[in-house]
Amino acid sequence: MIAEFVQAEREPAEAWTAREARTLTADAASLLAEWHHYAILELTRLECFEPDVRWIGRVLGLHPDEVNVALNRLLRLGLLEMSDAGRWTDAGHAVASFEDFSTRTVTGLAERVRGLRSARALPSHRSATTVAVTIERCRDAVSRLERFRHQLVDDLEGGGSGRDQVYRLELAFYPIADLDPKEH
Amino acid sequence: MGRPVMQWQILAKDPERLSTFYAKLFAWKIDANNPLGYRRADTGSKSGIGGGFWPAGPEGHALVQLFVEVDDVKQYAARVAELGGSVVIPPQALPAGDELAIVRDLEGLSFGLMKTAKR
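Computed from a prediction, not measured in an experiment: that's the story for all the values here. (Residues numbered from 1 in each chain as written. Chains lettered and ligands numbered in written order. Predicted model: local features only at pLDDT ≥ 70, side-chain atom pairs only at ≥ 80, totals over all residues. Heavy atoms only, no water.)

Observations concerning the overall build of chain B
Okay, step 1: Scanning chain B from N- to C-terminus turns up two helices and eight strands.
Okay, step 2: Secondary structure elements of chain B, listed N to C terminal, follow the sequence β-α-β-β-β-β-α-β-β-β.
Okay, step 3: Here the C-alpha radius of gyration of chain B, 15 Å, is about what a compact globule of 119 residues would show, namely 14 Å.
Okay, step 4: Referenced to the eigenvectors of the C-alpha coordinate spread, the extents of chain B come out at roughly 45 × 35 × 25 Å.
Okay, step 5: The buried share among the 119 residues of chain B stands at 43%.
Okay, step 6: Taking the intrachain contacts of chain B between residues at least 6 apart in sequence as the baseline, contacts between residues at least 24 apart amount to 53%.
Okay, step 7: By element, 57% of the accessible surface of chain B is carried by carbon and sulfur atoms, the whole surface being about 6600 Å².
Okay, step 8: Distance from the positive charge centre (14 side chains) to the negative charge centre (13 side chains) of chain B: 4 Å. (Helix = DSSP H or I, 4+ residues; strand = E, 2+ residues; numbered from the N terminus. Rg over C-alpha atoms; globule rule 2.2 N^0.38 Å. Buried < 20%, exposed > 50% of the residue type's maximum accessible area, 1.4 Å probe, protein only. Contact = heavy atoms within 4.5 Å. Areas by Shrake-Rupley, 256 points an atom, 1.4 Å probe, with all protein chains shown as cover. Lys, Arg positive; Asp, Glu negative; His and termini not counted. Charge placed at Lys NZ, Arg CZ, Asp CG, Glu CD.)

Looking at the packing of aromatic side chains
Okay, step 1: By the definition in use, this model includes 13 aromatic pairs over all chains.
Okay, step 2: A centroid spacing of 5.6 Å and a plane angle of 40 degrees characterise the contact between Phe98(A) and Phe101(A), whose relative ring orientation is tilted. Here Phe98(A) and its partner Phe101(A) are both found in helix α6 (residues 98-117), three residues apart, which amounts to about one turn of the helix.
Okay, step 3: Assessed through its relative accessible area of 35%, Phe98(A) is described here as partly exposed.
Okay, step 4: Between Tyr22(B) and Trp28(B), the ring centres sit 5.8 Å apart and the planes meet at 15 degrees, which makes this aromatic pair stacked.
Okay, step 5: Judged by relative accessible area, Tyr22(B) falls into the partly exposed class, the value being 22%.
Okay, step 6: Assessed through its relative accessible area of 18%, Trp28(B) is described here as buried.
Okay, step 7: Aromatic ring contacts, followed pair by pair, group Trp8(B), Phe21(B), Tyr22(B), Phe26(B), Trp28(B) and Phe53(B) into a single cluster. (Phe/Tyr/Trp six-rings, centres within 6.5 Å; stacked < 30°, edge-to-face > 60°.)

So, the pattern of salt bridges
Two side chains of opposite charge can pair, provided their charged atoms sit close to one another.
Okay, step 1: This structure, assessed with the given rule, holds 12 salt bridges over all chains.
Okay, step 2: Asp90(A) is the partner of Arg45(A) in a salt bridge, and the nearest nitrogen-oxygen pair spans 3.3 Å. With Arg45(A) in the loop between α3 (36-44) and α4 (53-60) and Asp90(A) in strand β2 (residues 87-90), the pair connects residues that are 45 residues apart, well separated along the chain.
Okay, step 3: A relative accessible area of 41% means that Arg45(A) is categorised as partly exposed.
Okay, step 4: Arg39(B) is paired through a salt bridge with Glu16(B); the nearest N and O atoms lie 3.0 Å apart. With Arg39(B) in strand β3 (residues 39-42) and Glu16(B) in helix α1 (residues 15-26), the pair connects residues that are 23 residues apart, well separated along the chain.
Okay, step 5: Given a relative accessible area of 5%, Arg39(B) falls into the buried group.
Okay, step 6: Glu16(B) sits in the partly exposed class, given a relative accessible area of 43%.
Okay, step 7: Each of Asp27(A), Glu34(A), Arg73(A) and Arg76(A) takes part in one network of salt bridges that share partners. (Salt bridge = Lys/Arg side-chain N within 4 Å of Asp/Glu carboxyl O.)

Let's talk about the nonpolar core
Looking at soluble globular proteins, one finds that nonpolar side chains tend to be buried together.
Okay, step 1: Ile40(A), Ile56(A), Leu71(A), Leu74(A) and Trp88(A) are the most contacted members of the largest nonpolar core, which totals 42 residues.
Okay, step 2: Secondary structure elements with two or more residues in this core: α2 (13-33), α3, α4, α5 (64-76), β1 (80-84) and α6 of chain A together with β6 (86-93) and β7 (99-104) of chain B.
Okay, step 3: Two domains share this core, each providing at least three of its residues, namely domain 1 (7-57) and domain 2 (70-119) of chain B.
Okay, step 4: Apart from residues lying up to four places away in sequence, Leu74(A) is in contact with Leu31(A), His37(A), Ile40(A), Leu41(A), Leu79(A), Leu80(A) and Phe101(A).
Okay, step 5: Of all hydrophobic cores here, the second largest spans eight residues; its members include Val73(B), Ala77(B), Ala101(B) and Leu113(B). (Core = buried A, V, L, I, M, F, W, Y, C linked by side-chain atoms within 4.5 Å. Domains from an automatic or database assignment.)

Side note on the packing of α3(A) against α5(A)
All names here are of chain A.
Okay, step 1: Running from N to C, α3 and α5 cross one another at 80 degrees; their axes reach a closest spacing of 10 Å. With respect to α5, the element α3 is oriented roughly perpendicular. Facing α3, whose interface residues are His36, His37, Ile40 and Leu41, α5 presents Glu66, Val67, Ala70, Leu71, Arg73 and Leu74.
Okay, step 2: In the contact of α3 with α5, the residues fall into six nonpolar, two polar and two charged. (Axes fitted to C-alpha atoms, helices over the stretch in contact; angles between N-to-C directions. Parallel < 35°, antiparallel > 145°, perpendicular 65-115°, else oblique. Nonpolar A, V, L, I, M, F, W, Y, C, P; charged D, E, K, R; others polar.)

Quick word on the domain arrangement of chain B
Okay, step 1: In terms of domain boundaries, chain B breaks down into domain 1 (7-57) and domain 2 (70-119).
Okay, step 2: Of note, the centres of domain 1 of chain B and domain 2 of chain B, computed from C-alpha atoms alone, are 21 Å apart.

Structural notes on the environment of Arg45(A)
Okay, step 1: Residues Arg45(A) and Trp88(A) lie 43 residues apart in sequence; the distance between their C-alpha atoms is 8.9 Å.
Okay, step 2: Side-chain polar atoms of Arg45(A) contact the side chain of Asp90(A), separated by 3.3 Å. (Polar contact = N/O pair within 3.5 Å; in protein donor to acceptor, adjacent residues only side chain to side chain.)

Written as structure tokens, this is what we have:
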């Protein structure tokens, strides 16, 4: 018993972040597999909505504990917001269909897991943009990205001794829709 | 005002069973008649701090959390992240007007930040 306690007390930091990531993944799986999570978000849109787990439970035929477990999952993955006393909203107002809900669930999971990795607040950057372009500019962009990557890596590796971090640099530029009718 | 520990919370896989256990053991009164269905424990004493029981969910496990009273939950949640901790549940406004966030410290222990509404 004492050995178990000591073991738990000595759990390395990596262990709890891994456990938290597993819990968040289980949250996401439950959100997608169990109908009532999406139903709760749908309820928040109703004018007659009452921010009361007893009311939600009555409407959906669930025990208040089941509602609270569902609320925890929605809050942890950033899909629900209790913004003012008595006002619960679909966070970001972005969920208009079950497809949106699925997308937001997966995005929420990715954001939270990424947050765990950067819990030490190390500098990082991640961004994406979708643009309509011509094929000539795409070829030029690919060349420029290659040059940029080499230049940045040279700069990063030129910092001398005392390196204390390992980072991954990813650049992605790829077609998502071909709008040229001649190609078909 | 300081930043006192205001409340304990037991997360339980079966909060009904566990709250009944403590009620029988210490003659505590458990009241879940509130908008969150939160099982508040009345210990029958003005000494010590109050607490309650909350469902951990099937994927969770039983644990005890402490809640620290702060004057600005958002600010303290941001401070947790700055110091290397993480935010589990971002600041929320509860139905009775209290504000709450659940965060983790550097060793993964979760605890609550709360601002009690003036009543």
